[in-house]
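Chain by chain, the residues run as shown.
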Amino acid sequence: MAQLNLQHIDKIYDNNVQAVFDFNLDVKDGELIVLVGPSGCGKSTTLRMVAGLEDISRGKLLLDGKDITQTPPKDRDMAMVFQNYALYGHMTIYENMAFSLTMRKEDPNVIHKKVLAAAEILGLTSQLNKKPSQLSGGQRQRVAMGRSIVRNPKVFLFDEPLSNLDAKLRGATRREILLLHKRLGATMLYVTHDQTEALTLADRIVCMSMGHVQQVGTPLELYDTPNNIFVASFIGLPPMNLFDVTFREGKLQGKGFEVELTDAEKATLSGYNGKEIKLGVRPEDIVEGGSLKVKVFSNENLGMNTLVHGHMGDNNRISAKLRGWTKYKNGDVIQVSFQKKHFFDKDTTNAIRKGEK
């Protein structure tokens, strides 16, 4: 398919508002990259700059080594799938999928073969004579994907494609996109605010906040070794617990609680003796049994797991994702321990790695 290189890209609007700051990314041939972050973080603006729908204020965009920064959208050999499907209501599904090829005046026999092949991939063969209004939301999104597939572009661009679907359809369509990627081996850029989509779809994730890239890495890297508090809080559901603590005498002392550390963790925090830091613990890394007391105020049974919310020490909010179906009541006190801990500098919010100060 294609390699894509975004080099020091900025987006500055006419009113001098900057939406994207120094965006750098090398997308490998056949890679599925997911841009994730909250609304207004710049992810869709970045995708639109790649598509040519927004001008690039500064920087370069390369496709297979060729500078396409100023290339018109129609000449970039990219196909975009939008949130709202963008289908023509008066056309059949067949006509919608064939539209771009018809406009390019391709041979009708070639168009027919391409449409049938795409319909077969997406399970739309029996729907080709229907109008979009006769299809479900998930089917319409598949038609939008099929319209892109028939073009055989170098790069597929997805802009929040599942936002209009209900939870069940989102899960099913997400799996279809993943299977489509594996089948086509296509280079894809995918934008979403849903971190579950990011974790399940991506080869690599680009996590953004306020126009800045916070971290680029595999889903496991962002989940397991977040660069900063923002990534730690945004990736993972429920979000990571964060506590104000002080590293003193080889322990972490919080408001009304104390956490023991391993020798390796003490070494990591060796430059922070006597200083305040942020302790991060994912709910799923909290287990029953230990010296930390939690007073329960709510209990959510989720089947194989239970999400327990409570207070630890002097009113420190904490959420624990415990295995099994528990029946804790408001006011119950349980004892827990932390299996894995994350440490963050309180001033910079960056993760503390071994030996850093």
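Note that the coordinates shown come from a computational prediction; the quantities given were computed from them, not determined experimentally.

Colleague: Teacher, can you tell me more about the nonpolar core here?
Modeller: Counting 41 residues, the largest nonpolar core has Met97 and Tyr190 as its most contacted members. A total of five residues in this core trace back to one element, the largest contributor, which is helix H3 (residues 108-122). Residues Val20, Leu35, Met80 and Val155 belong to the second largest nonpolar core, which totals 28 residues.

Colleague: Explain the environment of Asp166 here, please?
Modeller: Tracing the backbone through its elements, the reader meets Asp166 in the loop between strand S7 (155-159) and helix H5 (167-184). Taking C-alpha positions, Asp166 is 15 Å from Arg142, a pair spaced 24 residues apart along the chain.

Colleague: I'm lost on the pairing of strand S4 (residues 58-63) in this one. Help?
Modeller: Within a regular beta strand, the side chains point alternately toward one face of the sheet and then the other, so they alternate between its two faces. Note: strand S1 (residues 4-12) against S4, five bridges, orientation antiparallel. The residue of S4 that forms the bridge with Asn5 is Leu62. With two bridges connecting them, S4 and strand S5 (residues 66-67) associate as antiparallel partners. Opposite Leu62, over in S5, you have Asp67 as the bridge partner. Hairpin geometry of S4 and S5 is characterised by an intervening segment of two residues between the two adjacent antiparallel strands and by a positive phi of about 50 degrees at Asp64.

Colleague: Would you take a moment to explain unusual backbone geometry for this structure?
Modeller: Note: most peptide bonds trans; most residues except glycine with negative phi. Omega for the peptide link from Leu237 to Pro238 comes to 0 degrees, which places this bond in the cis form. Along the polypeptide, Pro238 turns up in the loop between helix H8 (229-234) and strand S11 (241-248). Of note in this structure, Asp64 is not a glycine but carries a positive phi near 50 degrees. Within the fold, Asp64 resides in the loop between S4 and S5. On the basis of relative accessibility, which here comes to 38%, the residue Asp64 falls in the partly exposed class. At Thr349, a residue that is not glycine, the phi angle is positive and equals roughly 70 degrees.

Colleague: For this particular structure, what's the right way to read the sheet that holds strand S18 (residues 333-338)?
Modeller: The strands making up a sheet are joined through hydrogen bonds of the backbone, oriented either antiparallel or parallel. Pairing within the open sheet is antiparallel, and its four strands lie in the order S17-S16-S15-S18. Looking at strand neighbours, the two that pair on one side only are strand S17 (316-323) and S18, the edges of this open sheet. In this sheet, neighbouring strand axes are inclined to one another by 50 degrees on average, regardless of whether the strands run parallel or antiparallel.

Colleague: Looking at this model, I keep getting lost on the pattern of salt bridges. Mind explaining?
Modeller: In a structure, side chains of opposite charge can pair up when their charged atoms sit close to one another. Taken as a whole and assessed by the stated rule, the structure comprises 17 salt bridges. A salt bridge links Lys11 to Glu54; its shortest N-O distance comes to 3.5 Å. Separated by 43 residues along the polypeptide, Lys11 in strand S1 and Glu54 in the loop between helix H1 (43-51) and S4 bring together distant segments of the chain. For the residue pair Lys11 and Glu54, the accessibility class agrees, reading buried in each case. With a shortest N-O distance of 2.6 Å, Arg204 and Glu31 are connected by a salt bridge. Placement of Arg204 in strand S9 (residues 204-209) and of Glu31 in the loop between strand S2 (18-27) and strand S3 (32-36) is noted, with a sequence separation of 173 residues between them. Residue classification places Glu31 among the buried positions, given a relative accessible area of 7%. Several salt bridges share partner residues, and in doing so they unite Asp244, Glu276, Lys278 and Lys346 into one network.

What counts and how
Residues numbered from 1 in each chain as written. Predicted model: local features only at pLDDT ≥ 70, side-chain atom pairs only at ≥ 80, totals over all residues. Heavy atoms only, no water. Core = buried A, V, L, I, M, F, W, Y, C linked by side-chain atoms within 4.5 Å. Buried < 20%, exposed > 50% of the residue type's maximum accessible area, 1.4 Å probe, protein only. Helix = DSSP H or I, 4+ residues; strand = E, 2+ residues; numbered from the N terminus. Pairing = 2+ DSSP bridges. Axes fitted to C-alpha atoms, helices over the stretch in contact; angles between N-to-C directions. Salt bridge = Lys/Arg side-chain N within 4 Å of Asp/Glu carboxyl O.

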